[in-house]
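These are the residues of each chain, in order.
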Amino acid sequence: MQNIEDTRKDLLARIEASDSPRDLLKGPELKQLFDVIKTLAPEERGAYGKQVNELRIALESAISDRESGVEDKAVEPIDVTAPWDVNASNIGLLPTQQGTQHPLTLELENVINIFTRMGFDAIESRQIDDDDHMFGTLNFPENHPARDGYDTFRTEEGFIPPAHTSTMQHRILKAGKAQLEAGGQIAAVSYGRVFRNEDVDATHEHTFYQCEGVFVSRDATLGQMLGTLRDFFETYYGQKLKIKTQPAYFPFVEPGLEFAIERPAALGGKDGEWLEMLGCGMIHPNVLQAADIDPAKYRGFAWGGGIERLVMLKYGIEDLRHFESGKLQFLRKFL
Ligand code: DAH
């Protein structure tokens with residue numbers, strides 16, 4: 001057995017050094033090992049023969065690697081700080097200019113730019129929060145069935161990876177109170193990742209993006225809200241749009257509405273095809289009160305909706321799962 005190991009070391013070293021490594025397979029070393037088989041007791045031949053055969057396979061594989069110029073990558077560490085040089089190596093670090101931001105990041109930036117140009121502050125939404133911000137300060141009573149609609153995950157400690165960006169509303173209101181009382185307004189959007197315990201299919205993901213808007217002043221109206229939203233959608237899609245609303249229930253607004261646009265002909269729409277884009281409404285007095293803003297003096301509106309839906313309509317993407325698939329074929333369409 002010792003002999004097999006010695007032969008392995010010897011031949012592997014010579015395969016590395018030789019210009020015609022394949023000849024080594026026909027040399028005396030391997031032959032000698034096979035010749036030993038005949039001299040062994042019959043019950044020993046099987047195990048021994050198997051080892052010699054494995055050695056032959058290992059040598060053949062080393063020879064093939066050598067012939068195709070493949071180096072043993074394990075011994076050549078990749079220097080991730082090295083500048084890209086196309087001629088330098090076969091390691092293949094991707095030059096940075098071949099990378100790009102994810103389509104959702106790009107589109108989210110686009111959305112935020114539209115709102116900041118209208119005068120809204122932009123605040124990134126948190127990715128871990130608590131019951132009070134997710135529900136309590138948003139006028140969801142304890143044990144109210146509306147909580148069930150949000151399919152929230154919870155950590156063992158009771159924290160919540162937020163299921164909507166509305167989780168930022170209470171913070172925005174508290175932070176803006178002084179400005180409001182000094183005669184100004186609160187105008188902010190919060191954007192980011194949200195999480196729901198959903199079964200994943202073409203229109204549902206457990207992780208997705210939302211953008212939320214909050215506006216408060218002495219005399220905010222529903223009409224202002226509809227104007228703001230129409231402006232946003234027409235800018236984002238670069239064309240005039242028909243809009244409509246219908247009543248909907250969200251505990252944090254009264255009245256609450258669903259806001260829909262008619263699918264534009266340029267985006268494959270036929271007349272009368274309405275797409276629900278987001279939820280919105282006038283901020284419920286209890287939500288203002290929770291942030292110590294007097295609902296008798298100030299009024300506000302808020303809205304919130306998903307980013308993927310916007311982007312899917314814009315580019316005619318039919319399956320939400322493409323976004324997180326990491327498929328280059330999909331991502332390259334956005335280069
Ligand atoms: N947070 C709601 C959701 O994720 C959407 C929403 C509805 C946000 C109405 C709002 C609003 O700000 O006023 O389903």
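Reading guide: rules and limits
- Residues numbered from 1 in each chain as written.
- Predicted model: local features only at pLDDT ≥ 70, side-chain atom pairs only at ≥ 80, totals over all residues.
- Heavy atoms only, no water.
- Helix = DSSP H or I, 4+ residues; strand = E, 2+ residues; numbered from the N terminus.
- Rg over C-alpha atoms; globule rule 2.2 N^0.38 Å.
- Buried < 20%, exposed > 50% of the residue type's maximum accessible area, 1.4 Å probe, protein only.
- Areas by Shrake-Rupley, 256 points an atom, 1.4 Å probe, with all protein chains shown as cover.
- Lys, Arg positive; Asp, Glu negative; His and termini not counted.
- Charge placed at Lys NZ, Arg CZ, Asp CG, Glu CD.
- Near = heavy atom within 4 Å.
- Polar contact = N/O pair within 3.5 Å; in protein donor to acceptor, adjacent residues only side chain to side chain.
- Nonpolar A, V, L, I, M, F, W, Y, C, P; charged D, E, K, R; others polar.
- Domains from an automatic or database assignment.
- Pairing = 2+ DSSP bridges.
- Axes fitted to C-alpha atoms, helices over the stretch in contact; angles between N-to-C directions.
- Parallel < 35°, antiparallel > 145°, perpendicular 65-115°, else oblique.
- Left-handed = near helix turned anticlockwise from the far one by under 90°.
- Contact = heavy atoms within 4.5 Å.
- Disulfide = S-S within 2.5 Å.
- Core = buried A, V, L, I, M, F, W, Y, C linked by side-chain atoms within 4.5 Å.
- Phe/Tyr/Trp six-rings, centres within 6.5 Å; stacked < 30°, edge-to-face > 60°.
- Lys NZ or Arg CZ within 6 Å of the ring centre and 35° of its normal.

### Structural notes on the overall build of the protein chain
Piece 1. Looking only at helices and strands, one finds 11 helices and seven strands in the protein chain.
Piece 2. A compact globule built from 335 residues should have a C-alpha radius of gyration of about 20 Å, whereas the protein chain, at 33 Å, is more than 25% larger.
Piece 3. For the protein chain, the spread of C-alpha atoms along the three principal axes comes to 105 × 45 × 40 Å.
Piece 4. A total of 335 residues make up the protein chain; the buried ones form 40% of that total.
Piece 5. Taken as a whole, the protein chain presents about 18,900 Å² of accessible surface, with 50% of it coming from carbon and sulfur.
Piece 6. One way to put it: in the protein chain the 36 positive side-chain charges average out to a point 4 Å from where the 53 negative ones average out.

### Observations regarding the site of the ligand
Piece 1. Taken together, 16 residues are adjacent to the ligand, and His-164, Ser-166, Arg-196, Gln-210 and Glu-212 come closest.
Piece 2. The separation between a nitrogen atom of the ligand and a polar side-chain atom of Ser-166 is 2.9 Å.
Piece 3. Taking Gln-210, its side chain carries an N or O atom lying 3.0 Å from an oxygen atom of the ligand.
Piece 4. For the ligand, whose unbound accessible area comes to 360 Å², protein coverage reaches 93%.
Piece 5. In terms of residue class, the shell around the ligand is made up of seven nonpolar, seven polar and two charged.

### Observations concerning the domain arrangement of the protein chain
Piece 1. The assigned domain composition of the protein chain is domain 1 (2-74) and domain 2 (103-334).
Piece 2. A straight line from the C-alpha centre of domain 1 to that of domain 2 covers 67 Å.

### What about the sheet that holds strand β5 (residues 253-262)?
Pairing between the strands of a sheet is mediated by backbone hydrogen bonds and can be parallel or antiparallel.
Piece 1. Sheet architecture is open: seven strands sit in the order β1-β2-β3-β7-β6-β5-β4, paired in mixed fashion. In this open sheet, the two edge strands, each paired with only one partner strand, are β1 (121-124) and β4 (243-247). Sheet twist, expressed as the average angle between the axes of neighbouring strands with direction ignored, equals 25 degrees.
Piece 2. Of the strand pairs in this sheet, strand β2 (residues 186-195) and strand β3 (residues 207-217) are connected by 10 bridges, and their pairing is antiparallel. Directly across from Tyr-191, in β3, lies its bridge partner Cys-211.

### Brief notes about the packing of helix α5 (residues 103-118) against helix α8 (residues 222-237)
Piece 1. Between α5 and α8, whose axes approach to 10 Å, the crossing angle comes to 135 degrees. It follows from the interaxial angle that α5 and α8 lie oblique. Handedness of the crossing formed by α5 with α8: right-handed. Between α5 and α8, the contacting residues are Glu-107, Asn-110, Val-111, Ile-114, Phe-115, Arg-117 and Met-118 on the first element and Thr-228, Asp-231, Phe-232, Thr-235 and Tyr-236 on the second.
Piece 2. Counted by class, the contact of α5 with α8 contains six nonpolar, three polar and three charged residues.

### Let's talk about the state of the cysteines
Piece 1. Scanning all chains against the criterion turns up zero disulfides.
Piece 2. As a non-bridged cysteine, Cys-211 has Cys-280 as the owner of its nearest cysteine sulfur, 13 Å distant.
Piece 3. Accessibility expressed as a relative area gives 1% for Cys-280, which makes it buried.

### Describing the nonpolar core
Piece 1. Phe-233, Tyr-237, Met-277, Trp-303, Ile-307 and Leu-310 are the most contacted members of the largest nonpolar core, which totals 42 residues.
Piece 2. With near-sequence residues (within four places) excluded, Tyr-237 lies in contact with Ile-261, Leu-267, Met-277, Arg-309, Leu-310, Leu-313 and Lys-314.
Piece 3. Counting 27 residues, the second largest nonpolar core, distinct from the first, contains Phe-250, Val-287, Tyr-298 and Ala-302.

### Structural notes on the pairing of β5
Piece 1. Of all 10 residues in β5, seven are buried; the element is thus mostly enclosed.
Piece 2. Bridge analysis of β4 against β5 gives five bridges, and the strand direction is antiparallel. For Thr-245, the partnering residue across the bridge sits in β5 and is Phe-259.
Piece 3. Where β4 hands over to β5, the hairpin turn is made up of five residues, counted between the paired strands.
Piece 4. Pairing between β5 and strand β6 (residues 274-283): eight bridges, direction antiparallel. If you follow Ile-261 over to β6, its bridge partner there is Leu-275.

### Re unusual backbone geometry
Piece 1. Here the bond from Glu-254 into Pro-255 is cis, since omega is 0 degrees, no more than 30 degrees from zero.
Piece 2. Here the phi dihedral of Asn-139 falls at roughly 70 degrees; this positive angle occurs in a residue that is not glycine.
Piece 3. Of note, Asn-139 is situated in the loop between α6 (131-134) and α7 (169-181).
Piece 4. Backbone geometry at Asp-151 places phi at a positive 40 degrees, although glycine is not the residue there.
Piece 5. On the basis of relative accessible area, Asp-151 is assigned to the partly exposed category, the value being 32%.

### Considering the packing of aromatic side chains
Piece 1. For the structure on display, the rule yields 18 aromatic pairs.
Piece 2. Between Phe-135 and Phe-140, the ring centres sit 4.9 Å apart and the planes meet at 75 degrees, which makes this aromatic pair edge-to-face. Across this residue pair, the class does not change: Phe-135 and Phe-140 are buried.
Piece 3. Between the aromatic rings of Phe-323 and Phe-330, the centroid separation amounts to 5.7 Å while the plane-to-plane angle is 85 degrees, which identifies the pairing as edge-to-face.
Piece 4. Overall, Phe-323 belongs to the buried group, its relative accessible area being 3%.
Piece 5. Site record: aromatic cluster; members linked through ring pairs are Phe-115, Phe-120, Phe-215, Phe-232, Phe-233, Tyr-236, Tyr-237, Phe-259, Phe-301 and Trp-303.
Piece 6. The ring of Tyr-236 has Lys-314 sitting right over it, with the charged end atom 4.2 Å from the ring centre.

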